[in-house]
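Fold and geometry: a report
For reference, the chains in residue letters:
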Amino acid sequence: MNFDSPAAPAPVPPSHERLKFTGEGGEYFRIWIVNLALTIVTIGIYSAWAKVRRLQYFYRNTQLAGSGFDYHGKPSAILKGRIVTFGLFGLANAAMEFNPAVGGGLFLLIAVVLPWLLVRSLVFRMRNTSWRGLRFEFRGSVAEGYKVFLLWPLCAVLTLGLLVPFAHRQLSAYLRNNVHFGGMRASLAARPGEFYRIYFMAGLLIMTAPVVVLLLSLSTALGAGSVPPVEAIWLFLLVAVLFYVVMLSVSPYLIARVQNLTWNRTTLGPHRFRSELKPLRLIGVTLGNLLLTLFTLGLYRPFAAVRAARCRIDAVTLLPGESLETFLGRRGEDM
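If you're wondering where the values come from, they're calculated on a predicted model, not measured in any experiment.

Before going further, it helps to spend a moment on the sheet that holds strand 11 (residues 316-319). If you trace the 11 strands from one edge of the open sheet to the other, you get 1-11-10-9-8-7-6-5-4-3-2, paired in antiparallel fashion. Two strands lie at the open edges of the sheet, namely strand 1 (17-18) and strand 2 (20-21), each paired on one side alone. Of the pairings in the sheet, the one linking strand 5 (residues 129-131) to strand 6 (residues 134-138) comprises two bridges and is antiparallel in character. Paired with serine 130 across the strands is arginine 135, a residue of strand 6. Packing of helix 6 (residues 164-177) onto the sheet brings it into contact with strand 6, strand 7 (179-181), strand 8 (184-188) and strand 9 (266-268), and relative to strand 8 it is tilted by some 165 degrees.

The final tally for this structure, using the stated rule, is seven salt bridges. Across the salt bridge formed by glutamate 144 and lysine 147, the nearest N and O atoms sit 3.9 Å from each other. Taken together, the residues span about one helical turn, with glutamate 144 and lysine 147 both in helix 5 (residues 142-158) at a distance of three residues. Residue classification places glutamate 144 among the partly exposed residues on the basis of a relative accessible area of 28%.

Our next topic: a nonpolar patch on the surface. There is a patch of nonpolar side chains on the surface, built from Ile33, Val34, Leu36, Leu38, Ile40 and Leu299 and spanning about 480 Å² of accessible area. With respect to the helices and strands, the residue isoleucine 40 is situated in helix 1 (residues 25-41).

With 24 residues, helix 3 (residues 75-98) should cover 34 Å at 1.5 Å per step; its first-to-last C-alpha distance of 35 Å lies within 8% of that length. Of the residues making up helix 3, those classed as buried are Pro75, Ile78, Leu79, Ala92 and Ala95. Of the surrounding elements, those touching the buried residues of helix 3 are helix 2 (47-60), strand 4 (67-71) and helix 4 (100-127).

Within strand 4, four of the five residues are buried, leaving the element largely enclosed by the surrounding structure. Sheet topology note: the strand 3 (residues 62-64)/strand 4 ladder contains two bridges and is antiparallel. Within the sheet, the bridge partner assigned to leucine 64 lies in strand 4 and is serine 67. The loop that links strand 3 with its antiparallel partner strand 4 comprises two residues; one of these, alanine 65, has a positive phi angle of about 55 degrees. Where strand 4 and strand 5 come together, three bridges link them in antiparallel fashion. For tyrosine 71, the partnering residue across the bridge sits in strand 5 and is threonine 129.

Between helix 1 and helix 10 (residues 301-313), the shortest axis-to-axis distance is 8 Å and the interhelical angle comes to 130 degrees. The pairing of helix 1 with helix 10 is recorded here as oblique in orientation. Here helix 1 and helix 10 pass one another in a crossing that is right-handed. Residues Gly25, Gly26, Tyr28, Phe29 and Trp32 of helix 1 touch helix 10, and the partners they reach there are Arg301, Pro302, Phe303, Ala305 and Val306. Considered class by class, the residues forming the contact of helix 1 with helix 10 number seven nonpolar, two polar and one charged.

Okay, the packing of aromatic side chains next. Aromatic ring pairs are defined here through the distance separating the ring centres and the angle between the ring planes. All told, the structure shown has 17 aromatic pairs when counted by the stated rule. Taking 4.9 Å as the distance between ring centres and 75 degrees as the angle between the ring planes, the aromatic pair formed by tyrosine 28 and phenylalanine 58 counts as edge-to-face. Separated by 30 residues along the polypeptide, tyrosine 28 in helix 1 and phenylalanine 58 in helix 2 bring together distant segments of the chain. No difference in accessibility class separates tyrosine 28 from phenylalanine 58, as the two residues are buried. Residue class for phenylalanine 58 comes out buried when judged on its relative accessible area of 15%. Here a set of aromatic residues connected by ring pairs shows up, and it is made of Phe21, Tyr28, Tyr57 and Phe58. Taking the ring centre of tryptophan 263 as reference, the NZ or CZ of arginine 176 above it sits at 4.3 Å.

Looking now at the layout of surface pockets. Looking at the second largest pocket, its volume works out to about 310 Å³. Taken together, 14 residues line the second largest pocket, and the ones lying closest to its centre are Tyr28, Trp32, Asn35, Arg54 and Arg301. Here the residues of the lining of the second largest pocket sort into seven nonpolar, three polar and four charged.

What counts, and where the lines are drawn
Residues numbered from 1 in each chain as written. Predicted model: local features only at pLDDT ≥ 70, side-chain atom pairs only at ≥ 80, totals over all residues. Heavy atoms only, no water. Pairing = 2+ DSSP bridges. Helix = DSSP H or I, 4+ residues; strand = E, 2+ residues; numbered from the N terminus. Contact = heavy atoms within 4.5 Å. Axes fitted to C-alpha atoms, helices over the stretch in contact; angles between N-to-C directions. Salt bridge = Lys/Arg side-chain N within 4 Å of Asp/Glu carboxyl O. Buried < 20%, exposed > 50% of the residue type's maximum accessible area, 1.4 Å probe, protein only. Patch = residues over 30% accessible without salt bridge, like charges linked within 9 Å, V, L, I, M, F, W, Y side chains within 5 Å. Areas by Shrake-Rupley, 256 points an atom, 1.4 Å probe, with all protein chains shown as cover. Expected span 1.5 Å × (residues − 1). Parallel < 35°, antiparallel > 145°, perpendicular 65-115°, else oblique. Left-handed = near helix turned anticlockwise from the far one by under 90°. Nonpolar A, V, L, I, M, F, W, Y, C, P; charged D, E, K, R; others polar. Phe/Tyr/Trp six-rings, centres within 6.5 Å; stacked < 30°, edge-to-face > 60°. Lys NZ or Arg CZ within 6 Å of the ring centre and 35° of its normal. 1 Å grid on protein atoms, 1.4 Å probe; cavity = no way out; pocket = protein on both sides within 12 Å on 5 of 7 lines; lining within 4 Å. Points joined across faces, edges and corners; volume = space filled by probe spheres on them.

Dropping the structure here:
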């Protein structure tokens, strides 16, 4: 007979939690049109309140495990920051009119101060972001901020763009590695080479535009004697459309590939993430949003923002390393 105690049941692995965006275009349109009207009436003063309303709408409609995120920033604090920023630029512009040397010095001073302001804005943004009552934190140093916001972009310019992927990787690492939530620190394991591969493919995409134009132009020139004028006009329009479609596709292609790379290489304590954003889908959404915004004279912008947010957010999944209820319960005991 076997008197051994029965084996303990294997722990049930925590289920994956897909992020979901629940906002609707018509709903956000009402917020957007009020924000726009009040910003115009108040000569821009209401823009700080408009920003808070916009962020709260998109945060609260971003759902994880049935709970939305939230934004707690005060409009008055945002307004003060904008007054300081616009005041510095206005003073520098005015000085350029009277004394270019003084104006240039002020712009140089702004360039030196700007990284510090950006780091402070990241601290403010994370501190006022929460999920299920827990606040995020950003603990990036100002010294590192000067590197990612000033040094590496400057190096990218001086190397004629060769260091752009490296600068992008350093910025992404700075933004991820310094985020803390519930006693856990986020970490990005993406390597510079992975960013270079993405930019290389984007470069190939850019090169297809002039190649298509060249080939179609050569075919037109070779058949110039036999191509009717009307067909030549349609061919020219086709070339122009193809050129602009390819060029406009580069940005959403980069966004999709970089989103997948950074989320798939990000951890938060024991938790991992997966992003499955299809570049062609984001390209289609972006081009469609652009056309509809142009045809509606800008009125489609809030609908476009909702479509873009849903496309990008719904592609991300949290792969918990432990039950979220266990994590939240432990945090409750620590508080």
